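# Examining the three-dimensional arrangement
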Amino acid sequence: MSKMKAKMPQIILIVFLFALCLIMLAPFAWIISTSLRLPAESFKLPPQFFPTSFHYQNYVDVFTSFPFARCIFNSLKIAVIVVAANIIITTMAGYAFARIPFKGKNVVFMLILAGMMIPTQAKLIPTYIVMSKLGLVGTHSALILPALISPINIFFVRQFMMTIPSSYEEAAYIDGAGRVKIWWSIFVPMSKSVIVMVSLLSFLASWNDFINPLIFLSKYEMMTLPLGLKTLSGAMNTGSASIVLAGVAVSLVVPTLLYIFGQKHILKSVVMSGLKT
């Protein structure tokens, strides 16, 4: 009996966390459930959580009623380019701020972090003017270039690299390695966890971005996934809710898989990033 009493707080915690998980997963379950209904069943009162019949045609209609596959390809292309460029730029900047002493380093770092305080909406007009002057409006480059530098990613990488023992760097100096060699051969491999987290943050920011494609893109063949979902919903949201949510379910596949495989690295990098300031 005493053992049971000792385990009671742990049991209560497990039950609480399980209930919390169910609450958080309920919207996703509703998306899958509604995506398998007939469109007419989506608005039944009282609403039914489970579909009475599984209407898989909704997933076929997503790709036949609109060039949705093209939207997925465009989003993947933009996200992959942004992630690849972010890894290079962010790790170089993080290494410079963490390890290279130069005049005004802290001031420059604070100015970069200050960029996090500027709302996206406040940057739209100047960004549009710059892209218009460069002749990039209506192209994917207008989405890629502004996303190449992320202050929050630079912060995470810098904090993580500051936790790496200086003995590795000193040994490399003794062997005649330069800054670029040390960055690429030592700090990049040892920062795998934070690089995975930065990659996921950059990918998800690009994958879920709606406002920038809405401003810069106008042609159907250039549309990204969020714009494709909005087009599926139709003017004044008159589109079929079942087909729209089938598209939403498809759009969740890639981020979910990436999170499943990267969650271990995300946890490790967040913990390590806060160890040294």
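Here the structure is shown first, and the text comes after it.
Structural notes, computed from the coordinates. (Residues numbered from 1 in each chain as written. Predicted model: local features only at pLDDT ≥ 70, side-chain atom pairs only at ≥ 80, totals over all residues. Heavy atoms only, no water.)

We now examine helix α12 (residues 225-233). The element α12 is largely enclosed, with a buried count of seven among its nine residues. Here α12 has its buried residues at L225, P226, L227, G228, L229, L232 and S233. Close packing links the buried residues of α12 with α2 (57-64), α3 (68-99), α10 (192-207), α11 (211-216) and α13 (241-251). Positive phi appears at G234, one or two residues downstream of α12, with a value of about 80°. (Buried < 20%, exposed > 50% of the residue type's maximum accessible area, 1.4 Å probe, protein only. Helix = DSSP H or I, 4+ residues; strand = E, 2+ residues; numbered from the N terminus. Contact = heavy atoms within 4.5 Å.)

What follows concerns the packing of aromatic side chains. Overall, the coordinates contain 10 aromatic pairs when judged by the stated rule. Their ring planes at 50° and their centres at 5.2 Å tell us that F97 and F109 sit as a pair that is tilted. One end of the pair, F97, is in helix α3; the other, F109, is in helix α4 (residues 105-114), with 12 residues separating them in the sequence. For the pair F97 and F109, one class covers both residues: buried. Taken together, a centroid distance of 5.4 Å and an interplanar angle of 20° make the contact between F203 and W207 stacked. Residue F203 and its partner W207 are both found in helix α10; the two are separated by four residues, about one turn of the helix. Under the relative-accessibility criterion, F203 is labelled buried at 8%. By way of ring pairs, the aromatic residues F97, F102, F109, F155 and F156 are connected into one cluster. (Phe/Tyr/Trp six-rings, centres within 6.5 Å; stacked < 30°, edge-to-face > 60°.)

In contact at an axis separation of 10 Å, helix α7 (residues 151-161) and α10 are set at 175° when each is read in the N-to-C sense. Between α7 and α10, the angle is such that the two are roughly antiparallel. Along its contact with α7, which presents N153, F156, V157 and F160, the element α10 presents V194, M197, V198, L201 and S202. Here the contact of α7 with α10 is composed, by residue class, of seven nonpolar, two polar and no charged. (Axes fitted to C-alpha atoms, helices over the stretch in contact; angles between N-to-C directions. Parallel < 35°, antiparallel > 145°, perpendicular 65-115°, else oblique. Nonpolar A, V, L, I, M, F, W, Y, C, P; charged D, E, K, R; others polar.)

Let us now look at the nonpolar core. Counting 29 residues, the largest nonpolar core has V62, F66, F68 and L232 as the members making the most contacts within it. Secondary-structure elements contributing two or more residues to this core are α3, α6 (141-144), α10, α12 and α13. At eight residues, the largest contribution of residues to this core is made by α3. Those residues in contact with V62, other than ones at most four positions away along the chain, are F68, L232, I243, A246 and G247. Among the nonpolar cores identified, the runner-up in size contains 19 residues, and Y95, F160, I182 and V198 belong to it. (Core = buried A, V, L, I, M, F, W, Y, C linked by side-chain atoms within 4.5 Å.)

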